[in-house]
Amino acid sequence: MTLLCRGEVQVRDVAEALLLHDDAWGVRALDDGPMMQVCRDATHPVITVLGVRRVDELDEVTRLLPDAPVLSVPLWWVDTVTPFDADGERGVTAALEASLDLDAVCIVHGD
C-alpha cells in the first residue's frame, strides 16, 4: 500500500496512527529504526512501514501511481507492506483508518 500524506510525517507518526486501530498491537523498529513494524503480537506483523519520502513534483506521483487522485505538493509518500493473510487484511484496514488521521490518501495495490 501507499499512503500519500498532505502533511509532513515520519515513520514513527505513521506507526502510531496504525496502532490506533487496535490498542493490543505493538510496534518494533527494524534495521535499527528506518523501518517500523506494527504487530498483533511478538511474531505476527500486520503492516510494515518501509519509509517516508517527500515528493515535490506531482509528475512523479502520476508516473508511478497513474490512478492516484490529484493532490497538491509537497506531499509525503509512505510505502508499506502487509502479509498475504488475515493479519495483512487487518493491516490494510488499519492503514485505511490511519489515512484519515494522517490526512492522507491510501492506495491499496493489487486490490
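Scope of this entry: the structure provided in the associated data block. Predicted model, so just to flag it, every value in this text is computed and none were measured. (Residues numbered from 1 in each chain as written. Predicted model: local features only at pLDDT ≥ 70, side-chain atom pairs only at ≥ 80, totals over all residues. Heavy atoms only, no water.)

Looking at the pairing of strand β2 (residues 26-30)
Here comes step 1: Here β2 runs beside strand β3 (residues 35-41); their pairing, made up of five bridges, is antiparallel. Paired with Gly26 across the bridge in β3 is Cys39.
Here comes step 2: Counting the residues in the hairpin turn of β2 and β3 gives four residues, including Asp31, whose phi is positive at 55°. (Pairing = 2+ DSSP bridges. Helix = DSSP H or I, 4+ residues; strand = E, 2+ residues; numbered from the N terminus.)

A look at helix α3 (residues 86-101)
Here comes step 1: For α3, with 16 residues, the first-to-last C-alpha span of 23 Å sits near the 22 Å given by 1.5 Å per residue.
Here comes step 2: Within the sequence span of α3, burial applies to Asp87, Gly88, Gly91, Val92, Ala94, Ala95, Ala98 and Ser99. Down the axis of α3, the buried set is contained in an arc of 165°. They therefore lie on one face. Away from its buried face by more than 90 degrees, α3 exposes Glu89 and Leu100.
Here comes step 3: Each element contacted by the buried residues of α3 is listed here: β1 (2-5), α1 (11-19), β3, β4 (44-55) and β6 (104-107).
Here comes step 4: Two or three places before Asp87, at the start of α3, stands the capping residue Asp85, its side-chain oxygen 3.0 Å from that residue's backbone nitrogen. (Expected span 1.5 Å × (residues − 1). Buried < 20%, exposed > 50% of the residue type's maximum accessible area, 1.4 Å probe, protein only. Arc of directions from axis to C-beta. Contact = heavy atoms within 4.5 Å. Polar contact = N/O pair within 3.5 Å; in protein donor to acceptor, adjacent residues only side chain to side chain.)

Digging into the layout of surface pockets
Here comes step 1: Considered as a void within the structure, the largest pocket measures approximately 300 Å³ in volume.
Here comes step 2: Put simply, the parts of the chain that give the lining of the largest pocket at least two residues each are β5 (75-81) and α3.
Here comes step 3: Broken down by element, the lining of the largest pocket gets its largest block of residues, three residues, from α3.
Here comes step 4: Among the residues forming the lining of the largest pocket, the class breakdown is six nonpolar, five polar and three charged. (1 Å grid on protein atoms, 1.4 Å probe; cavity = no way out; pocket = protein on both sides within 12 Å on 5 of 7 lines; lining within 4 Å. Points joined across faces, edges and corners; volume = space filled by probe spheres on them. Nonpolar A, V, L, I, M, F, W, Y, C, P; charged D, E, K, R; others polar.)

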